Amino acid sequence: LTGAITMDPGYKNSGSCKSDITFLDGEEGILRYRGYAIEDLADKASFLEVSYLVIFGELPTRAQLEQFEADIRKYSLVNEEMKNIIDGFPKTAHPMGVLSSLTSALTAFNPKVVNVENESEMYEAIVKTMGKFLVLATWTFRKSSGYPLNYYDNTKGYVENFLRLMFELPTGPYTINPIVVDALDKLFILHADHEQNCSTSTVRMVGSSHAGLFASISAGVSALWGPLHGGANQAVLEMLEEIQKNGGDADKYLEKAKDKNDPFRLMGFGHRVYKNFDPRAKIIKKAADEVLATLGVNDPVLQIAKKLEESALVDEYFVSRKLYPNVDFYSGIIYRALGIPTDMFTVLFAIGRLPGWIAQWKEMRENKEPIGRPRQIYTGHPLRDFKPFEQR
Ligand code: SDX
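The model shown is predicted, which means the values in this text are computed figures rather than measured ones.

Definitions and limits used
- Residues numbered from 1 in each chain as written.
- Predicted model: local features only at pLDDT ≥ 70, side-chain atom pairs only at ≥ 80, totals over all residues.
- Heavy atoms only, no water.
- Helix = DSSP H or I, 4+ residues; strand = E, 2+ residues; numbered from the N terminus.
- Buried < 20%, exposed > 50% of the residue type's maximum accessible area, 1.4 Å probe, protein only.
- Contact = heavy atoms within 4.5 Å.
- Areas by Shrake-Rupley, 256 points an atom, 1.4 Å probe, with all protein chains shown as cover.
- Lys, Arg positive; Asp, Glu negative; His and termini not counted.
- Charge placed at Lys NZ, Arg CZ, Asp CG, Glu CD.
- UniProt positions renumbered as here; feature names shortened; annotations may be inferred.
- Polar contact = N/O pair within 3.5 Å; in protein donor to acceptor, adjacent residues only side chain to side chain.
- Pairing = 2+ DSSP bridges.
- Salt bridge = Lys/Arg side-chain N within 4 Å of Asp/Glu carboxyl O.
- Axes fitted to C-alpha atoms, helices over the stretch in contact; angles between N-to-C directions.
- Parallel < 35°, antiparallel > 145°, perpendicular 65-115°, else oblique.
- Left-handed = near helix turned anticlockwise from the far one by under 90°.
- Near = heavy atom within 4 Å.
- Nonpolar A, V, L, I, M, F, W, Y, C, P; charged D, E, K, R; others polar.
- Disulfide = S-S within 2.5 Å.
- Phe/Tyr/Trp six-rings, centres within 6.5 Å; stacked < 30°, edge-to-face > 60°.
- Lys NZ or Arg CZ within 6 Å of the ring centre and 35° of its normal.

**Considerations on the overall build of the protein chain**
The helix and strand inventory of the protein chain stands at 17 helices and 3 strands. Based on the C-alpha atoms only, the size of the protein chain along its principal axes is roughly 75 × 55 × 50 Å. For the protein chain, with 392 residues in total, the buried portion stands at 50%. Partitioning the intrachain contacts of the protein chain with sequence separation of at least 6 by distance along the chain shows that 74% fall at a separation of at least 24. Accessible surface, the protein chain: about 18500 Å² in total, of which carbon and sulfur atoms supply 52%. Averaging the coordinates of the 45 positive side-chain charges in the protein chain and doing the same for the 50 negative ones gives two points 4 Å apart.

As structure tokens, this is what we get:
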């Protein structure tokens, strides 16, 4: 039976693929985008610079970056009729469900994006997605808050626009804090791509049928929503708030996570590939200390998170299973300090992951990969005769 699951040499029917985008070593805790170390990119580049690198394969020149940013601005306007769609949702709808629907709806207003025939159509689809997705992502928050929907300001940068789109009210201009912009730049970079994770594999799978870029990204948003994947950053904060509400006893929850009869899992811990520290978690943990200190935020859940990590890293159950903090363990603490509502944390993960989804979809289409069609190991009944009703 094992033969049935060996990698098809042409990668045609297996669930695996070849990619030039991201290198990840789970044992060594290494992550690189197009050969550049995540530590360098998080420290020295902007999110749009890294988005360009991930999508087009090289760090942009200043002129290329300026043109990329200008083209994103040019296509950031969303068709006004999209408001009819968002108005159809109740305020209580989860932002990820709204975002997935709005992203798919973009196809109706941009039908040409479905079948990109050449490089310039591919480029246009990419900058349209980068521009419109950011606006729609913030509309999910504006809708649930009862605030009027904002538009991209062409005089400001991508991350600055995210903050304005989220928080600027008609009562007056929103003051952009450069510390918040830097923190978000870094967080978005750390989420930009992560090889064949659940949501990216979904984008490739949907895109392999030649469904358009918006439809493929919409599917990726739905996959990311799950609490075992991108939804974990929201689940981590809800877990930490519950621990805090129940007296802050981190060790009690560690025992719960180890109890096989208890469905509780330590959210933000463990990873399908990293069996060492997630390099992104190390960077985010350091950034959490810096951002909260600089903003003068003293959030008790940060101390609870550190206590959980400290105890888990010396606990046989976690050590023997190589369970370490992942990208989601500390990110929500920073988002909360920046004033982002908890149910928007996974939307921010999606904004960060967008360039990776686009890059992987582009690579799959440029490589003219066949439609995704993983095989299975059949474990059902052998052939059997039909039974009439009286024999059932
Ligand atoms: C992301 O793939 C990616 O790259 C994803 C991602 C990306 O950038 O796209 O990195 C983003 O999704 C990070 C993961 C976020 N999810 C969480 O933090 C949810 C909590 N984590 C777990 O549910 C779990 O660790 C997973 C889902 C991440 C991995 O699940 P697996 O592969 O089933 O875990 P495993 O096979 O490594 O588990 C081995 C053992 C099992 O126990 P035993 O059967 O051996 O007794 O460890 C246990 C698991 O029950 N275990 C946990 C645990 N994670 C695994 N026990 C308690 N708490 C946990 N968090």
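**Considerations on the UniProt feature "active site" (unreviewed entry) in the protein chain**
Under the present numbering, the feature "active site" (unreviewed entry) in UniProt falls on His271 and Asp328. Maximum C-alpha separation among the annotated residues is 10.5 Å over a sequence range of 58 residues, consistent with a single clustered spot. One polar contact links the side chain of His271 to the main-chain amide nitrogen of Tyr274, over a distance of 3.1 Å. According to the relative accessible area criterion, Asp328 is buried, its value standing at 5%.

**Structural notes on the pairing of strand S2 (residues 30–33)**
Along S2, the buried face is formed by Leu31 and Tyr33; none of Ile30 and Arg32, which line the opposite face, is buried. Turn length for the strand S1 (residues 22–25)-S2 hairpin, with the two strands adjacent in sequence and antiparallel, is 4 residues, and the turn residue Gly29 shows positive phi of about 65 degrees. Counting the residues that bridge the hairpin from S2 to strand S3 (residues 36–37) gives 2 residues, and of these Arg34 lies at a positive phi of roughly 50 degrees.

**Points about the pattern of salt bridges**
Inspection of the entire model under this criterion finds 19 salt bridges. With its nearest N and O atoms 3.0 Å apart, the salt bridge here joins Glu255 to Lys258. One end of the pair is Glu255 and the other is Lys258, both in helix H12 (residues 250–258) and 3 residues apart, which spans about a single turn. The exposure class assigned to Lys258 is partly exposed, which follows from its relative accessible area of 21%.

**Brief notes about the packing of helix H13 (residues 279–295) against helix H16 (residues 328–337)**
Between H13 and H16, the shortest axis-to-axis distance is 9 Å and the interhelical angle comes to 25 degrees. It follows from the interaxial angle that H13 and H16 lie roughly parallel. Pair H13 / H16 crosses with left-handed handedness. Facing Ala281, Ile284, Lys285, Ala287, Ala288, Val291, Leu292 and Leu295 of H13, the residues of H16 in contact are Tyr330, Ser331, Ile333, Ile334 and Ala337.

**Side note on H16**
The buried fraction of H16 is high, at 9 of 10 residues. Here H16 has its buried residues at Asp328, Phe329, Tyr330, Ser331, Gly332, Ile333, Ile334, Tyr335 and Ala337. In the core, the buried residues of H16 are packed alongside helix H8 (178–190), helix H11 (232–245), H13, helix H14 (300–312) and helix H17 (345–366). Backbone geometry just after H16 places Gly339 at a positive phi near 85 degrees.

**Examining the site of the ligand**
Close to the ligand lie 25 residues; His194, Arg265, His271, Arg272 and Arg280 are nearest. At 2.9 Å, a side-chain N or O of His229 approaches an oxygen atom of the ligand. Contact between the ligand and Phe269: a nitrogen atom at 2.8 Å from a main-chain N or O atom of the residue. In isolation the ligand exposes 1100 Å². Once the protein is present, 79% of that is buried. When its residues are assigned to classes, the shell around the ligand shows 10 nonpolar, 7 polar and 8 charged.

**Observations concerning the packing of helix H9 (residues 198–207) against H17**
Where H9 meets H17, the axes come as close as 9 Å, and the angle between the chain directions of the two elements is 35 degrees. Two packed elements cross with a definite hand, and for H9 against H17 that hand is right-handed. In contact with Ser199, Thr200, Val203, Arg204 and Gly207 of H9, H17 contributes Arg353, Trp357, Gln360, Trp361, Glu363, Met364 and Arg365. Tallied by class, residues from the contact of H9 with H17 come to 4 nonpolar, 4 polar and 4 charged.

**Considering the side chain of Thr22**
As for its placement among the helices and strands, Thr22 is situated in strand S1. Among the residues examined, Thr22 registers a relative accessible area of 12% and is labelled buried. Among the polar contacts made by the side chain of Thr22, one reaches the side chain of Asp193 at a distance of 2.5 Å. The contacts of Thr22, once residues within four sequence positions are left out, are Leu31, Arg32, Tyr33, Asp193, His194 and Glu195.

**Some words on the state of the cysteines**
With the rule as written, the count across this model stands at 0 disulfides. With no disulfide of its own, Cys17 has Cys198 as its nearest cysteine by sulfur position, at a separation of 14 Å. With relative accessibility at 46%, the residue Cys198 sits in the partly exposed group.

**Some words on the packing of aromatic side chains**
Under the definition given, this model contains 18 aromatic pairs. Seen from their ring centres, Phe47 and Tyr158 are 6.0 Å apart, and the 40 degrees between their planes marks the pair as tilted. Here Phe47, found in helix H2 (residues 47–56), pairs with Tyr158, found in helix H7 (residues 158–167); they are 111 residues apart in sequence, far enough to count as distant. Taking relative accessible area as the criterion, Tyr158 reaches 3% and is therefore assigned buried. When the ring of Tyr52 is compared with that of Phe68, the centres are 5.5 Å apart and the planes differ by 85 degrees; the resulting orientation is edge-to-face. Here Phe68 lies in helix H3 (residues 62–74) and Tyr52 lies in helix H2, a separation of 16 residues in the sequence. When its relative accessible area of 13% is taken as the criterion, Tyr52 is described as buried. You can call Phe68 buried: its relative accessible area is 0%. Each member of the aromatic cluster is reached from another via a ring pair, and the members are Phe269, Tyr317, Phe318, Phe329 and Tyr330. Lying over the aromatic face of Phe389, Arg392 brings its terminal NZ or CZ to 4.3 Å of the ring centre.

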